[in-house]
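Read off the chains here:
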Amino acid sequence: MKHSPMAAVWEGVGGDPALLSRVSTVPREGALESRLPVREMARACVGGCALAAAELGALRAGRTDVPEVRVDDGAVATAFVSERHLLIDGRAPVTFAPVSRFWRTADGWVRTHANYPHHRTRLLGALGLPGDASVDTVAAHLAERSAVAVEDTVYAAGGLAVALRTAKEWRAHEQGAAVAHGPLLSRERLDDAPVRGLPALHGDPLLPAAGLRVLDLTRVIAGPVATRTLALLGADVLRVDSPRLPELADAHADTGFGKRSAVLDLATDRRAFEELLAAADVVVTGYRPGALDRFGLSPEALAERRPGLVVAQLSAWGDRGPWAGRRGFDSLVQVATGIAAVEGSPERPGALPAQALDHGTGYLLAAGVLRALTEQARDGGSRSVRLALARTAAWLMEGVEGADGTTDGTTLGAVRASAYAGTNGTVPGDGTVPKSGTVPADENRTVPMGGTGGAGPADGAGGTDGTGPADDAGRYGTPDPWLAVTDSPLGNLRYVRSPVSFAGGPADWARPPGILGADPARWS
């Protein structure tokens, strides 16, 4: 990538380069401190999303000028850790389970993910351990095995574990090569469906997605962040979950703003789903590539039944390569792609200051949907948009020595990584690490040189609250300017306002999250 992150995002979603002049930034040092340029990546993802929203709003309002977009690093940094700022009746959610962490193995490190009960069951079963195994028991067991052997065994059983790799090792891996050579965001016109007329917009605030119906088949963070953003912009978003695979209630409380939530069994409630599809404008899915095809939910099958539809798909590892069908989460992608090695030290692996792959990809996904809607309104055609956490990671890592072989300072990953290169020309974490058992859940984050803050919460990514107030002096301090409080069916919520901002646009969601699955499976 030989141009700015913002330009790369806007090019990726097919935007007119001339519109980049509509974007301004409020930079704040201390926001999302990291060896890698997480702040720049996050700013670009949010800015591209806001510009896509402003463009669609101008089109629907009949305006010749696109509203100005303002990206504040403070708002972005706070939103990228929204799950940590959430309070439910004063209670902070537990974001990571005890056995979701780094573990020392006989030859390196492995990270597991077991937040969902069925993933914990599969993990412990694959390791031959009882369901009530303690952290110490798991640690002792894994210390005698190789990291890759654990990875293979756990994945074969349907669980989640990834061996720590350096950037160079990931680049040599078949999946790493498959992901790196694809576009940041894949866009495709599926057919010659006619233009769908979008109703003209009037009034204040300007809601670019007003009147559009979004069928949300996503989970966890990235997909729900995308659909939460579409809800902010006025879309009628209906989240649909399987009765056999419920979402974690606290995750829904963070990402359910602006949406309604229903439960639907795609295997038995086909008629209800087809009725929803018949009136949908957008379908967003967040499952492994091909996992929903048996239900007729491939982009081509959906577009055939609903011409003019925008279909957005999100996965962990992409739709090519040997890992395409694997489950994955942000924390695991960081470990596989070399990010955890870059952000760590010779003693232990580290993590980004936020689940930035999730949040960044979520805003990219929303941007892709918004631009696809603009293109459909102008030129017709059903549209497909695809993103993967691993491809976002590859973008972040570009320019890191060992990731793509360059350190010329012009690519996204080279912005800061070169400043932390070791004396041997490699980034910290490329070497071996001594035996030290597990990395406790609150110690998985290594603060870079010159950074502020300390160890983060249970997901292993440190906080960015800093020590002083947020102001126009260019520092990021307290997150308070971007926090709000509201009553909801879930209780009193402290939450983070959206960082997506443009002149005349919405300042907040129209409704708080409701009870998961409590709404009927029909459009309002």
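Just above, that's the structure.
### A look at helix α10 (residues 222-232)
Within α10, 11 of the 11 residues are buried, which leaves the element mostly enclosed by the surrounding structure. For α10, the complete set of buried residues consists of Ala 222, Gly 223, Pro 224, Val 225, Ala 226, Thr 227, Arg 228, Thr 229, Leu 230, Ala 231 and Leu 232.

### Here we look at the packing of aromatic side chains
Centre distance and the angle of the planes are the two values used to describe a pair of aromatic rings. Overall, the coordinates contain 10 aromatic pairs when judged by the stated rule. Where Trp 170 meets Trp 323, the ring centres are 5.6 Å apart and the plane angle is 55°; that geometry is what we call tilted. Residue Trp 170 is found in helix α8 (residues 167-172), and its partner Trp 323 is found in the loop between β12 (310-315) and α14 (330-337); the two are separated by 153 residues along the sequence. Across the pair, Trp 323 and Trp 170 agree in class, each one buried. Pairing Phe 257 with Trp 509 gives two aromatic rings, centres 5.3 Å apart and planes at 40°, and the pair type is tilted. Of this pair, Phe 257 sits in the loop between α11 (249-255) and β10 (259-263) while Trp 509 is found in the segment after β16 (491-496), placing the two residues 252 residues apart along the sequence. Trp 509 matches Phe 257 in its accessibility class, with the two residues each being buried. Through successive ring pairs, a cluster of aromatic residues spans Tyr 155, Trp 170, Trp 317 and Trp 323. Positioned above the aromatic ring of Tyr 155 is the side chain of Arg 326, whose terminal nitrogen or guanidinium carbon lies 4.4 Å from the ring centre. Positioned over the ring face of Trp 10 is Arg 371, at 5.7 Å from the centre of the ring.

### Examining the pairing of strand β13 (residues 383-388)
Burial runs high along β13: five of the six residues are buried. With four bridges connecting them, strand β7 (residues 186-189) and β13 associate as antiparallel partners. Among the inter-strand pairings, Arg 189 is bridged to a residue of β13, identified as Arg 383. Examined bridge by bridge, β12 and β13 share six bridges and lie parallel to one another. Along β13, the bridge assignment pairs Gln 313 with Arg 386.

### Here we look at the packing of α14 against helix α17 (residues 389-397)
Two numbers describe how α14 lies on α17: the axes approach to 10 Å, and their chain directions differ by 50°. One way to sum up the angle between α14 and α17 is to call them oblique. In the packing of α14 onto α17, the handedness of the crossing is right-handed. Contacts between α14 and α17 involve Asp 330, Val 333 and Thr 337 from the first element and Leu 389, Ala 390, Ala 393 and Met 397 from the second. For the contact of α14 with α17, the per-class residue count stands at five nonpolar, one polar and one charged.

### Section: the sheet that holds β16
Pairing is antiparallel in the open sheet, where three strands are placed in the order β3-β16-β15. Two strands bound the open sheet, and with one partner strand each, they are β3 (87-88) and β15 (483-488). As paired elements, β3 and β16 share two bridges and run antiparallel to each other. Paired with Leu 87 across the two strands is Arg 494, which belongs to β16.

Reading guide: rules and limits
- Residues numbered from 1 in each chain as written.
- Predicted model: local features only at pLDDT ≥ 70, side-chain atom pairs only at ≥ 80, totals over all residues.
- Heavy atoms only, no water.
- Buried < 20%, exposed > 50% of the residue type's maximum accessible area, 1.4 Å probe, protein only.
- Helix = DSSP H or I, 4+ residues; strand = E, 2+ residues; numbered from the N terminus.
- Phe/Tyr/Trp six-rings, centres within 6.5 Å; stacked < 30°, edge-to-face > 60°.
- Lys NZ or Arg CZ within 6 Å of the ring centre and 35° of its normal.
- Pairing = 2+ DSSP bridges.
- Axes fitted to C-alpha atoms, helices over the stretch in contact; angles between N-to-C directions.
- Parallel < 35°, antiparallel > 145°, perpendicular 65-115°, else oblique.
- Left-handed = near helix turned anticlockwise from the far one by under 90°.
- Contact = heavy atoms within 4.5 Å.
- Nonpolar A, V, L, I, M, F, W, Y, C, P; charged D, E, K, R; others polar.

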